[in-house]
Amino acid sequence: MSRLESAIRRLQAQKIALDWSAKKIHKQPGVVLEFGLGNGRTFDHIRKLLPQRDIYVFERKIAAHPDCIPHPAFQFVGDFMDSIPRAIKQLGRSAALAHLDIGTGEKNTSLALAKTIAPFIEKLLCVNAIVVSDQEVDRWRSYKLQLPDGISENRIHLYRL
Ligand SMILES: C[S@@+](CC[C@H](N)C(=O)[O-])C[C@H]1O[C@@H](n2cnc3c(N)ncnc32)[C@H](O)[C@@H]1O
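Structural notes, computed from the coordinates.

Cut-off values and rules
Residues numbered from 1 in each chain as written. Predicted model: local features only at pLDDT ≥ 70, side-chain atom pairs only at ≥ 80, totals over all residues. Heavy atoms only, no water. Pairing = 2+ DSSP bridges. Helix = DSSP H or I, 4+ residues; strand = E, 2+ residues; numbered from the N terminus. Axes fitted to C-alpha atoms, helices over the stretch in contact; angles between N-to-C directions. Contact = heavy atoms within 4.5 Å. Phe/Tyr/Trp six-rings, centres within 6.5 Å; stacked < 30°, edge-to-face > 60°. Buried < 20%, exposed > 50% of the residue type's maximum accessible area, 1.4 Å probe, protein only. Salt bridge = Lys/Arg side-chain N within 4 Å of Asp/Glu carboxyl O.

## Section: the sheet that holds strand β5 (residues 125-133)
Across the sheet, which stays open at both edges, the six strands sit in the order β3-β2-β1-β4-β5-β6 with mixed pairing between neighbours. What marks the edges here is a single partner per strand, and that holds for β3 (75-77) and β6 (157-160). Averaged over all neighbouring strand pairs, the angle between strand axes comes to 15°, with direction disregarded. Bridge analysis of strand β4 (residues 95-100) against β5 gives five bridges, and the strand direction is parallel. Each bridged residue has a counterpart across the sheet, and for Ala98 the counterpart in β5 is Val131. Against the sheet, helix α1 (residues 3-24) touches β4, β5 and β6, its axis set at about 165° to β5.

Pasting the structure below:
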């Protein structure tokens, strides 16, 4: 598979998983958390899917497309290990959906990061929250959901905690 095909599969998986999750939380109150704003592609998609929700983004340094930068009140800027504890204080267990898009190209580093932040992310989730993650999180294996149709294996992971 070429790198282009691999990137397309990853983006397709992300879109299908986010579309599916947005429908699932339709009747569930709660904010949405986006870990890894990047250039704002998935943030832009989530706000289109869930226009009534407050969406908080977490990013080391905001450098997204100018149209895809949320109001500063919805930004948690800095390393996740600094920003997530601030968010726990400010928001508590308030999220119905969390999207982890934290991969930086080095698989083991990204997996280790997901493992490190997972226990802290749990403190931000309402009961029955859905997590869409680009990294597998072993700690959440018993909460794993079956992937919706159209997603290739190991592109995205879905959990309901
Ligand atoms: C794959 S990109 C996100 C892509 C984005 N969701 C989009 O659709 O455009 C991953 C992002 O996670 C951020 N990131 C990775 N590790 C981080 C950390 N420890 N703290 C804060 N941000 C981090 C990177 O800066 C990068 O922008």
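Here the narrative resumes, following the displayed structure.
## Regarding the packing of aromatic side chains
For the structure on display, the rule yields six aromatic pairs. Aromatic side chains Tyr56 and Phe76 sit 6.0 Å apart centroid to centroid with 40° between the ring planes, which places their arrangement in the tilted category. Here Tyr56 is found in strand β2 (residues 55-59), whereas its partner Phe76 is found in strand β3, with 20 residues between them in sequence. You can call Phe76 buried: its relative accessible area is 3%. Site record: aromatic cluster; members linked through ring pairs are Phe35, Tyr56, Phe58, Phe74, Phe76 and Phe80.

## Remarks on the pattern of salt bridges
Under the defined criterion, the tally for this structure stands at six salt bridges. With its nearest N and O atoms 3.1 Å apart, the salt bridge here joins Asp79 to Arg60. Residue Asp79 is found in the loop between β3 and α3 (80-91), and its partner Arg60 is found in the loop between β2 and β3; the two are separated by 19 residues along the sequence. Judged by relative accessible area, which is 31%, Asp79 ranks as partly exposed. Among the residues examined, Arg60 registers a relative accessible area of 57% and is labelled exposed. Close ionic contact of Lys144 with Glu136 constitutes a salt bridge, the shortest N to O distance being 2.7 Å.

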